Amino acid sequence: MEAQSLLSQFPSNSTKPLLQTPRESFSVNFSKSQKLDSLKTRYCVKLASQRVRAEKRLVCRNSVGRDVLSPQEEEDSLIRVQRKKLAVFVSGGGSNFRSIHEAAVRGSVYGCGGAEHARNNGIPVIVFPKTSNVPEGLSSTDLVAALRRYEVDFILLAGYLKLIPVELIRAYQRSILNIHPSLLPAFGGKGYYGMKVHRAVIASGARYSGPTIHFVDEHYDTGRILAQRVVPVLANDTAEELAARVLHEEHRLYVEVTEALCEDRIVWREDGVPIIRSRENPKEYC
Ligand SMILES: Nc1nc2c(c(=O)[nH]1)N[C@@H](CN(C=O)c1ccc(C(=O)N[C@@H](CCC(=O)O)C(=O)O)cc1)CN2
Ligand SMILES: NCC(=O)N[C@@H]1O[C@H](COP(=O)([O-])[O-])[C@@H](O)[C@H]1O
């Protein structure tokens, strides 16, 4: 498959390519029929960010101590925050990618199912890495160089099923997030992906589950936890019913986290735990 470019158009005014990988390497994975049915093509999609809402500088306290600004003060208090460029690594349907992209189109995320969704929205794709089936692909080293060249700030794994190599981890320290469909550290690690996670949760008798978003380190699902949401596990739940309940929360949580990421509202505690500062009140944390 020839290299094409894949990038959000808001407000990027230059089309920069993104990456596509075949099965045996990493990056974004879209199930796509190929001449070799088992071959899965993977892509990395990149979303450019936009001007983001920043913290209010001037505040007037009302009777309940809430920050109140006049429309003019609201406008005046907006500070431009550094725009963010995001690369999204996706396996399977890419529903989390689509949620994030749709939020970006709505304007709530400032900062891309799979390749088709990306292409249908004018987001360009690059082939990665070089293999016998995909000779035009990039090497892992080239992946890092390409991400740097396109000034990618953050990488979002969203249903992605391959281990991110340490080369990329080192190049993007504290800048790669992953969403996992259980309350880590429970039901995580090698072998825990997709429906396998939900089946294990139900078999365990756990009464609660939910998505976890964490920073990515060199092992599966052991990076610092950033955000979680809890959903009930019902006594007669099938794995599919639980998966749907968790996925619904995933879509909401990943959009909220991506908004915080693009608004520089993720801070690191002294003990190394990342936390999200409230958009409404910088003194509060989510
Ligand atoms: N360096 C990291 N890479 C990745 C992480 C991570 O935390 N650190 N998270 C995974 C996503 N993930 C869970 O959230 C996950 C994905 C896949 C597996 C797994 O066991 N995969 C199988 C292969 C599956 C396949 O190719 O179809 C395996 O490695 O045997 C566990 C957890 C993304 N990358
Ligand atoms: N361990 C990784 C893992 O299991 N990821 C899970 O894959 C599903 C499909 O995501 P998608 O619809 O965004 O492609 C999602 O539930 C995601 O949490």
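Calculation rules
Residues numbered from 1 in each chain as written. Chains lettered and ligands numbered in written order. Predicted model: local features only at pLDDT ≥ 70, side-chain atom pairs only at ≥ 80, totals over all residues. Heavy atoms only, no water. UniProt positions renumbered as here; feature names shortened; annotations may be inferred. Helix = DSSP H or I, 4+ residues; strand = E, 2+ residues; numbered from the N terminus. Areas by Shrake-Rupley, 256 points an atom, 1.4 Å probe, with all protein chains shown as cover. Near = heavy atom within 4 Å. Polar contact = N/O pair within 3.5 Å; in protein donor to acceptor, adjacent residues only side chain to side chain. Expected span 1.5 Å × (residues − 1). Buried < 20%, exposed > 50% of the residue type's maximum accessible area, 1.4 Å probe, protein only. Contact = heavy atoms within 4.5 Å. Axes fitted to C-alpha atoms, helices over the stretch in contact; angles between N-to-C directions. Parallel < 35°, antiparallel > 145°, perpendicular 65-115°, else oblique. Left-handed = near helix turned anticlockwise from the far one by under 90°. Salt bridge = Lys/Arg side-chain N within 4 Å of Asp/Glu carboxyl O. Core = buried A, V, L, I, M, F, W, Y, C linked by side-chain atoms within 4.5 Å. Phe/Tyr/Trp six-rings, centres within 6.5 Å; stacked < 30°, edge-to-face > 60°. Lys NZ or Arg CZ within 6 Å of the ring centre and 35° of its normal. Nonpolar A, V, L, I, M, F, W, Y, C, P; charged D, E, K, R; others polar.

For the chain, the name recorded in an unreviewed UniProt entry is Phosphoribosylglycinamide formyltransferase, chloroplastic, with Macleaya cordata as its organism. Quoted verbatim from the Sequence similarities (unreviewed entry) field of the UniProt record, the comment on the chain reads "Belongs to the GART family." Annotation of the chain in UniProt includes, under Catalytic activity (unreviewed entry), the sentence "N(1)-(5-phospho-beta-D-ribosyl)glycinamide + (6R)-10-formyltetrahydrofolate = N(2)-formyl-N(1)-(5-phospho-beta-D-ribosyl)glycinamide + (6S)-5,6,7,8-tetrahydrofolate + H(+)".

(A) Seen up close, the overall build of the chain. For the chain, the helix and strand inventory stands at 7 helices and 13 strands. Carbon together with sulfur atoms contributes 51% to the accessible area of the chain, which is approximately 13,700 Å² in total.

(B) Spotlight on the site of ligand 1. Among the 23 residues in the neighbourhood of ligand 1, the closest are listed as Lys162, Asn178, Gly191, Tyr220 and Asp221. A distance of 2.9 Å is found between a nitrogen atom of ligand 1 and a backbone nitrogen or oxygen belonging to His219. Here ligand 1 has 710 Å² of accessible area as a free molecule, and 90% of this is covered by the chains. Top element by residues in the shell around ligand 1 is strand β7 (residues 176-180). It accounts for 3 residues.

(C) Fine view of helix α2 (residues 95-106). The end-to-end C-alpha separation of α2 is 16 Å, in line with the 16 Å expected for 12 residues at 1.5 Å each. Three or more residues of α2 are buried, namely Ser95, Asn96, Phe97, Ser99, Ile100, His101, Ala103 and Ala104.

(D) Expanded view of the environment of Ala260. With respect to the helices, strands and loops of the structure, Ala260 is situated in helix α7 (residues 239-262). Given the relative accessible area of 0%, Ala260 is considered buried. Considered as a pair, Ala260 and Glu249 are 11 residues apart in the sequence and their alpha carbons are 16 Å apart. Contacts of Ala260, omitting those with residues within four sequence positions, involve Arg265, Ile266 and Ile276.

(E) A look at the packing of α2 against α7. Axis separation between α2 and α7 bottoms out at 9 Å; the angle between their running directions is 45°. As the angle between them shows, α2 and α7 are arranged oblique. Judged by the twist between their axes, the crossing of α2 over α7 is right-handed. Of the residues in α7, those in contact with Ser95, Asn96, Ser99, Ile100, Ala103 and Arg106 of α2 are Leu247, Glu250, His251, Tyr254, Val255 and Thr258.

(F) Here's a closer look at the pattern of salt bridges. Per the counting criterion, the structure on display carries 9 salt bridges. One salt bridge in this structure joins Glu256 and Arg229, with 2.6 Å as the shortest N-O distance. Of this pair, Glu256 sits in helix α7 while Arg229 sits in the loop between β10 (225-228) and β11 (231-232); the two residues are 27 residues apart in sequence, bridging distant segments of the chain. Three or more residues are tied together by salt bridges with common partners; here these are Glu259, Glu263, Arg265 and Arg279.

(G) Highlighting the nonpolar core. Core analysis: the biggest nonpolar cluster contains 26 residues, and Leu156, Leu177, Leu226, Tyr254 and Val257 have the highest contact counts within it. At the level of secondary structure, the elements contributing two or more residues to this core comprise β5 (86-90), α2, β6 (154-158), β7, β9 (212-215), β10 and α7. Counting residues per element, this core draws most heavily on α7, which supplies 7 residues. Not counting chain neighbours up to four residues away, the residues in contact with Leu226 comprise Leu177, Ile213, His214, Phe215, Val257, Ile266, Pro274, Ile275 and Ile276.

(H) Here's a closer look at the packing of aromatic side chains. The final tally for this structure, using the stated rule, is 1 aromatic pair. With a centroid separation of 4.7 Å and an interplanar angle of 50°, the aromatic rings of Phe215 and Trp268 are classed as tilted. Of this pair, Phe215 sits in strand β9 while Trp268 sits in strand β12 (residues 266-268); the two residues are 53 residues apart in sequence, bridging distant segments of the chain. Overall, Trp268 belongs to the partly exposed group, its relative accessible area being 26%. Across the ring face of Tyr172, the terminal group of Arg148 is positioned such that the distance to the ring centre comes to 4.3 Å.

(I) Local environment of the packing of helix α6 (residues 195-204) against α7. The contact between α6 and α7 brings their axes to 9 Å, and the two run at 110°. Compared by their axis directions, α6 and α7 come out roughly perpendicular. Helix-helix and strand crossings are classified by hand; for α6 and α7 the assignment is right-handed. Mapping the contact onto sequence places Met195, His198, Arg199, Val201 and Ile202 in α6 and Ala239, Glu240, Leu242, Ala243 and Val246 in α7. A class-by-class count of the residues in the contact of α6 with α7 yields 7 nonpolar, 1 polar and 2 charged.

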